[in-house]
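# Commentary on secondary and tertiary structure
Residue-level listing of the chains:
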Amino acid sequence: MSAHAHTDHAHDDHHHDDHHHNPGFIQKYIFSTDHKMIGLQYGITAGLFLLFGFYLMMVMRWSIAYPHQPLPEWMSFVFNDTWKARWLSDGKVTGDTYNMFGAMHGTIMVFLGIVPLGFGAFGNYVTPLQIGAPDMAFPKLNMASYWLYLLGGLVMCASFFMESGAAKSGWTNYSPLAGFADGQIVNQWLAGQTQWLIGLVLLISSSLLGSVNFITTIINLRARGMTWMRMPFFVWAMLVTGFLLLLAFPPLESAGIMQLMDRTFHSSFFMPSGLYTKSEGLAELSGGGSPLLFQHLFWFLGHPEVYVLLLPAFACVAEIIPCYTRKPLWGYKSMVYGVLVLGFLSFIVWAHHMYLTGMGASVSTWFQTTTVLISVPSVILITAMLISLWGGSIRFEPAMLWACAFIPMFGIGGLTGLPLAFNLADLHLHDTYYVIGHFHYVVAPGILFGLFAGVYHWYPKITGRFLSRTLAHFHFWPSLICMNVIFFPMLIQGMAGFHRRWYNGGDAYLSKTKDSVNVFGNTVAQHIDLNIVMSMGAWTLALAQIPFLVNIILSKFAGRKVQSDNPWNATTLEWATPTPPGHGNFTFEPAIYRGPYEYSRPDHDEDFLPQWIEPKRPETEKADQPVKVPSHH
């Protein structure tokens, strides 16, 4: 079917010693071309960006909950006095600062946090191991992909220290607002909004290099016997994610470059004629551009991007559930076809983000229909996982706790999205906290829980040591509770009409509440106290991550050592490698004899039958014929 039958990588017992010289520190840990080290680089970098994005959110939550109080010292200590004087008013968060933190929180969490953690870290580390490859198809391209990502992230975050501050036009960066933003800066190349676009182009280039690499690796470098339907679901999910990135990111890269031209060379790709601003009057532009075109190009990436975030988490959970229930994954083929359909449909739903642009009834109907359709493959995936749990001998290891929590949390995220599929409902809910609650349920307790599950599952393979179960419980239970304390009230506030961009949490409307005619002011008064509940939940969630960080670092040095290369008694190929895997991964040439989830087979003594174990043959056959050893040719 495939195989690196003619690969140059020799896989014998002397592979680790003879085939590679011992690289120095810089080549091994910094400019590495080994997929495992690059995966770890992605993971650590993405983790740091996630912490920074989390911090920005905590500052925003303070502004929403306590708009009349200055930032407390434990939050503002990271800023120097000059920065505070520029961006805080008497120590309080201003509207400009809130917009800046809001735009950068969204950008950092999505582009610099979850995509690199799911696709870059887990994808890079696990995919070659699961298909029996010695490395990615293009190791140097892999290294270039990481460094472009890091450079793009640093360019974006460095803009906080510029005169203009970082980007303030939302994480979506819509024109014409983003075209005018930071207009007071003489050299537009040194404006935060421009730096955001430069960073975006670098990040997209990184993702394109990565996606080409993944697709090539999965198609060409599978071990002998690894047919398409013997691939673990994890690999299928990474293949689909690679195609999503490859096909959806170029339109946004074009849009980013065109918006860059609008800002720096005064073109008008997205700037219409007749724009009038309060400060400058009638704008001096060539005009004739289409702001709507930018929205279409952005959301043509934006919706596949949701599945780029989601599929790695699905992939981790789909590996974990069979292993900890000691049952095959139920409906494996349905899940494979489901994820392929999901990938296809994700390209034809983008304009459900744009119902308020007045696109007309017939176009709206089309996007309503496709949006409802895309819930079908998602439900197939979730249902298959639920049924896989049924009747299993479940081991509630830490990874399994996160995987089990992922299912209902993602379910809430998906169900709350259904009303938004219909333009009539979306007319009222668009840009309210309902939308924030919906997609954060998908991304935070959904996707992040799946990725946490992956960390707890593969950590013993990566380091040779187990994570502490006690600390894992101190991480899991508060995180599960706090996620719901933060995001469920958002759904209630959203239906009451709370807008997502109020930097004071709706406080400005309360001055009118004495007037009984002001219905909206009264509605805000009823629900504004939820702001404090949600903010308390957010700060407690931050504390709940401390046991995880302590666990990750301490267990590397003091954790209980694994007793075998396959500590969970799993069946997929990554557990056949040494622990941790060396350069080239395998000490033998892997050959695949069966599907990826052969658990609890009645014809086998143990409750798992790994993919790489050669089938037993009858005694008479053994006597007559010599055993065929897998060879390269």
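Just so it is clear, the structure is predicted and the values come from calculations on it, not from any experiment.

Quick look at the packing of helix 6 (residues 95-131) against helix 16 (residues 433-463) now. Look at helix 6 against helix 16: their axes get within 11 Å of each other, and the N-to-C directions meet at 35°. For helix 6 against helix 16, the interelement crossing comes out left-handed. Here Y98, H105, I114, L117, G118, F122, Y125, V126 and Q130 of helix 6 come into contact with helix 16, specifically with Y433, H440, V443, I447, L448, L451, G454, V455, W458, K461 and I462. Looking at the contact of helix 6 with helix 16, its residues break down into 14 nonpolar, five polar and one charged.

Here the structure, examined in full by the defined rule, presents zero disulfides. Summary of cysteine pairing: C316 is not part of a disulfide, and the nearest cysteine sulfur, belonging to C323, is at 13 Å. Overall, C316 belongs to the buried group, its relative accessible area being 0%.

To continue, consider the environment of A351. Inspection of the secondary structure assignment puts A351 in the loop between helix 12 (332-345) and helix 13 (361-389). Sequence separation between A351 and W366 is 15 residues; the distance between their C-alpha atoms is 9.5 Å. Contact partners of A351, with chain neighbours within four places excluded, come to M359 and F367.

Right, let's talk about the nonpolar core for a bit. F101, M104, F233, F314, M385, F406 and I447 are the most contacted members of the largest nonpolar core, which has 187 residues in total. Element by element, the count of residues in this core is highest for helix 11 (residues 291-325), at 20 residues. The contacts of F101, once residues within four sequence positions are left out, are L56, V59, M60, F79, W83 and F160.

Close approach of charged atoms lets side chains of opposite charge pair. Throughout the structure, instances matching the rule amount to seven salt bridges. R469 serves as the salt-bridge partner of E397, at 3.5 Å between the closest nitrogen and oxygen. Of the two residues, E397 sits in the loop between helix 13 and helix 14 (398-417) while R469 sits in helix 17 (residues 469-495), which places them 72 residues apart along the sequence. Judged by relative accessible area, E397 falls into the buried class, the value being 18%. By relative accessible area, which is 40% here, R469 ends up partly exposed. Of the charged contacts, one joins D603 and R601 as a salt bridge, the two residues approaching to 2.8 Å between their closest N and O atoms. With a relative accessible area of 57%, D603 lands in the exposed category. A relative accessible area of 27% means that R601 is categorised as partly exposed. Each of the salt bridges in this network shares a partner with another, and the network as a whole consists of E598, R601 and D603.

Here is what the cut-offs are and how they apply
Residues numbered from 1 in each chain as written. Predicted model: local features only at pLDDT ≥ 70, side-chain atom pairs only at ≥ 80, totals over all residues. Heavy atoms only, no water. Axes fitted to C-alpha atoms, helices over the stretch in contact; angles between N-to-C directions. Helix = DSSP H or I, 4+ residues; strand = E, 2+ residues; numbered from the N terminus. Left-handed = near helix turned anticlockwise from the far one by under 90°. Contact = heavy atoms within 4.5 Å. Nonpolar A, V, L, I, M, F, W, Y, C, P; charged D, E, K, R; others polar. Disulfide = S-S within 2.5 Å. Buried < 20%, exposed > 50% of the residue type's maximum accessible area, 1.4 Å probe, protein only. Core = buried A, V, L, I, M, F, W, Y, C linked by side-chain atoms within 4.5 Å. Salt bridge = Lys/Arg side-chain N within 4 Å of Asp/Glu carboxyl O.

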